[in-house]
Amino acid sequence: MKSFSSRRAQAIVVAIAAGSLALTGCSENKGTNTGENSKKDQKEAQVQSKAVTYADAAGSTGPAEEIAGAQSGGTITVYQEAGLSHLDPGQTYVSDAGQVANLLFRRLTQFKEDDKGNVSVVGDLATDSGKSSDGGKTWTFTLKDGVKDAKGNVITSADVRHTVERLYAKFIFDGPTYLQTWLSGADYRKALPDGGFGKKHLPKSVLDTPDDKTVVFHFDQPRPDLPQTLAMAGYAIVPTKDDTKEKYDKDPVATGPYKVQSYKNGKSLVLVKNTNWDAKTDSVRHQYVDGFNFQFGVTESTQTKRLIADQGDDKNAIQLTGGVEATQIQDVIKNPSVNKRTVKGYQPYVMQLTFNMDRVKNLKVRQAIAYAVNSKSLIAGEGGVYGGDVAPNFFAPTLPGYEAKYDPYGRLKTPQGNIAKAKELLKDVPASEKKVVFAYGNSENGQKRKVAIEDALTKVGFNVVSKEVDAASYYEQIGKLDNPYDMYITGWGQDWPSASTVVTPIYDGDQVADGAPNYSHVKDPKVDALIKKALTQQPTEAAKTWKEAQHYLLEKVLPAAPLWYTKQFQLSGSNVGGARYGSVSSLIDINHLFLKKS
């Protein structure tokens, strides 16, 4: 999943994110020492990488368990610096849009977490987390009774089919592709070029809807992770009757507890209660507050100042994916009444300086940059030890298979960069190859990163030409195959606890396409072979193959230079109740909030 701030998660969520569907669990307002002891933080993060459980019908039945002390009423103000990249679920793979999607949309399955950080997959629109047969190649889901969208239409299997098929259309380019490729292969768009909007549909041998309540997926190999995949925001339901294709991105139909009242792109988003949402059908979400007022264009420094001051409406405010601004972290830490209003935790994202390998073809140039970059300076801009830790490789501490000491570029020993080694590598490189174009987001964090990258690379002899990119469409811009940039900072986190959701999306040669997350455009036969091998292995053996893939990528290919592992450190107003670090989102758990006084 893409990271927002990279887009701080990105994504998507990172997602990832940008929405982050990685497991970085921490219960309500705990982890208050996060950032003070990096080794301890990383050890705790490894505990968070445990696999989720799959719930039965009983565990999927609503309503969601009441939150202690929860009150009803009032509006929560939400601050965010950049505007949303998308509202269309099919385009949602970044954590800012993923957070909003948790309020607006439901999918077949959903992640559910308890106050101890334990996470399960439950049925959301489905009665349970799914039933597998044929050795895991076939999955059957039964829809709950009476679930309606915001216009009062009952959700049927036809809506599920439409949701899947529209992902094949060309206008859907920025969301996850797991399901489509599993069903129809890497060239899945050829299987249904019009995305199901015409007369052609996916055959019953791939996707079957025998009646209004039943959905059956057929795969050519076992897909044990399907329940977790379908819980991603990118697979939320789009009702057939109201799909306006490209225009849907601006005016989607809700299925969750809230719906869009108004949306001004890049400026504001107002959500109000969806009166057709039935709590009895939902085991995850609540509808405590009357609505959410999203304000975009508010810098992290301004957000932090307002939330520290805690006056007026700011008492009812939260940060969406942004965090406490770096220079104000000590102001928060040293004030007990403010510090108790923070949520902190290790995120799944690895921030990397990604190379466009269509343009930066010389391995020595990529290696020189990998040695030269200053992780210490970059992390300082994120808030120091409260913002992140030095990343020696591509696997975060939250990921199974994490190798704390695997450090091929000496990042742990020389976090400020190895200037001598970089200069040595550049000794015989012509001047024309030392000119590099660096893309950065037009946000406060983007500006800090620009300065750190320029400073480090200039010291070793590079001519850095920095190009500003709109932060809201950052991943869309660098996701174009013919983009005019040599390198850009990206962040990626696991979509669930498996290296398959890290290596496959961003290093698989089949993912070299417009809008796909292989931002380096790496297409290496050995990497592709290792991915295919790992995907057919049991977890223990697969872990060895993923490890081999990471070592080969870093040592022989180097599509990106690892920079830092991210931590989240967010602040909310004193009247916001239920604030906790979300194991699923790796941000404040937006499904868990209420106002103490409305």
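Along each chain, residues carry numbers from 1 onward, in the same order as the chain's sequence is written. This being a predicted model, a pLDDT of at least 70 is required before a residue's local features are given, and a value of 80 or more before pairs of side-chain atoms are given or counted; all residues contribute to the totals for chains, interfaces and linings. Values shown for side chains rest on all heavy atoms present in the structure; no hydrogens or waters enter the calculation.

**Q** Now, about the overall build of the protein chain: what can you tell me, with residues and values included?
**A** When helices and strands are counted, the protein chain shows 16 helices and 20 strands. In terms of C-alpha radius of gyration, the protein chain reaches 23 Å, essentially the compact-globule figure of 25 Å for 598 residues. Buried residues are those whose accessible area, probed at 1.4 Å on protein chains only, stays under 20% of the maximum for their type, while exposed residues exceed 50% and partly exposed ones sit between those limits. Counting only residues that meet the buried cut, the protein chain has 64% of its 598 residues in that class. Here the Shrake-Rupley method, with its probe set to 1.4 Å, supplies the accessible areas, and only the displayed protein chains count as covering residues. As displayed, the protein chain offers around 21600 Å² of accessible surface, 49% of which is attributable to carbon and sulfur atoms. His is not counted here, nor are the chain ends, while Lys and Arg score as positive and Asp and Glu score as negative. Just so you know, the charge point we use is NZ for Lys, CZ for Arg, CG for Asp and CD for Glu. Separation of charge centres in the protein chain, based on 74 positive and 68 negative side chains, amounts to 3 Å. Labels follow the DSSP assignment, with helices taken as runs of H or I lasting at least four residues and strands as runs of E lasting at least two, numbered in each case from the N terminus. Radius of gyration here is computed from C-alpha atoms only, and the compact-globule reference equals 2.2 Å multiplied by the residue count raised to the power 0.38.

**Q** Tell me about the pairing of strand S6 (residues 138–142), residues and numbers included.
**A** In terms of strand pairing, strand S5 (residues 131–133) meets S6 through three bridges, oriented antiparallel. Each bridged residue has a counterpart across the sheet, and for Lys 131 the counterpart in S6 is Thr 140. Any two strands with at least two DSSP bridges between them are considered paired. Where S5 hands over to S6, the hairpin turn is made up of four residues, of which Asp 134 adopts a positive phi near 55 degrees. In terms of strand pairing, S6 meets strand S8 (residues 214–218) through five bridges, oriented antiparallel. By the bridge assignment, Thr 142 is partnered in S8 with Thr 214.

**Q** Go over the side chain of Thr 342 with me, naming the residues and quoting the values.
**A** Structurally, Thr 342 is set in strand S13 (residues 342–355). The exposure class assigned to Thr 342 is buried, which follows from its relative accessible area of 2%. A distance of 2.6 Å separates a polar atom in the side chain of Thr 342 from the backbone oxygen of Asn 339. Among the polar contacts listed, one links the side chain of Thr 342 to the side chain of Lys 344, at a separation of 2.6 Å. Nitrogen and oxygen atoms within 3.5 Å of one another constitute a polar contact, given that in protein one can donate a hydrogen and the other can accept it, and given that sequence-neighbouring residues count only through two side-chain atoms.

**Q** Provide a residue-level description of the sheet that holds strand S9 (residues 258–264), including the pertinent values.
**A** Read from one edge of the open sheet, five strands run S9-S10-S11-S2-S12, paired in mixed fashion. Lying at the two open borders of the sheet, with one neighbouring strand each, are S9 and strand S12 (317–319). For this sheet the average axis-to-axis angle between neighbouring strands, irrespective of direction, equals 20 degrees. On top of the sheet, helix H2 (residues 95–104) reaches strand S2 (75–80), S9, strand S10 (268–273) and strand S11 (291–296); it is set at about 135 degrees to S9, its chief contact. We call two residues in contact when some of their heavy atoms are within 4.5 Å. Helix axes use the C-alpha atoms of the stretch in contact, all axes being lines fitted to C-alpha atoms, and the angles between their N-to-C directions lie in the range 0 to 180 degrees. Strands S2, S11 and S12 of the sheet are contacted by helix H6 (residues 300–309), whose axis makes an angle of about 140 degrees with S12.

**Q** Outline the packing of aromatic side chains, listing residues and values.
**A** Here the aromatic set is Phe, Tyr and Trp, taking the six-membered ring for Trp, and pairing holds for ring centres within 6.5 Å; pairs whose planes are under 30 degrees apart are stacked, those over 60 apart are edge-to-face, and all others are tilted. Under the criterion given, the structure shown has 21 aromatic pairs. Relative to Phe 141, the ring of Trp 139 has its centre 6.4 Å away and its plane inclined at 20 degrees; by these criteria the two rings are stacked. For the pair formed by Trp 139 and Phe 141, the shared burial category is buried. Ring geometry for Tyr 474 versus Tyr 475: centroids 5.3 Å apart, planes at 80 degrees, classification edge-to-face. In this structure Tyr 474 comes out as buried when scored by relative accessible area, which is 3%. You can call Tyr 475 buried: its relative accessible area is 1%.

**Q** If you had to explain the environment of Thr 354 to someone new, which residues and values would you point to?
**A** If you trace the backbone, Thr 354 turns up in strand S13. With relative accessibility at 4%, the residue Thr 354 sits in the buried group. Thr 354 sits 204 residues away from Leu 558 along the chain, and the two C-alpha atoms are 9.0 Å apart. When residues no more than four places from it in sequence are discounted, the contact partners of Thr 354 are Asp 486, Met 487, Tyr 488, Thr 490, Tyr 519, Ser 520, Pro 559 and Ala 560.

**Q** Which residues make up the sheet that holds strand S1 (residues 53–54), and what are the values?
**A** Spatial strand order, S1-S4-S3: three strands in an open sheet with mixed pairing. For this open sheet the edge positions go to S1 and strand S3 (109–113), each flanked by a neighbour on one side alone.

Keep in mind that these numbers describe shape and distance, not what the molecule does.
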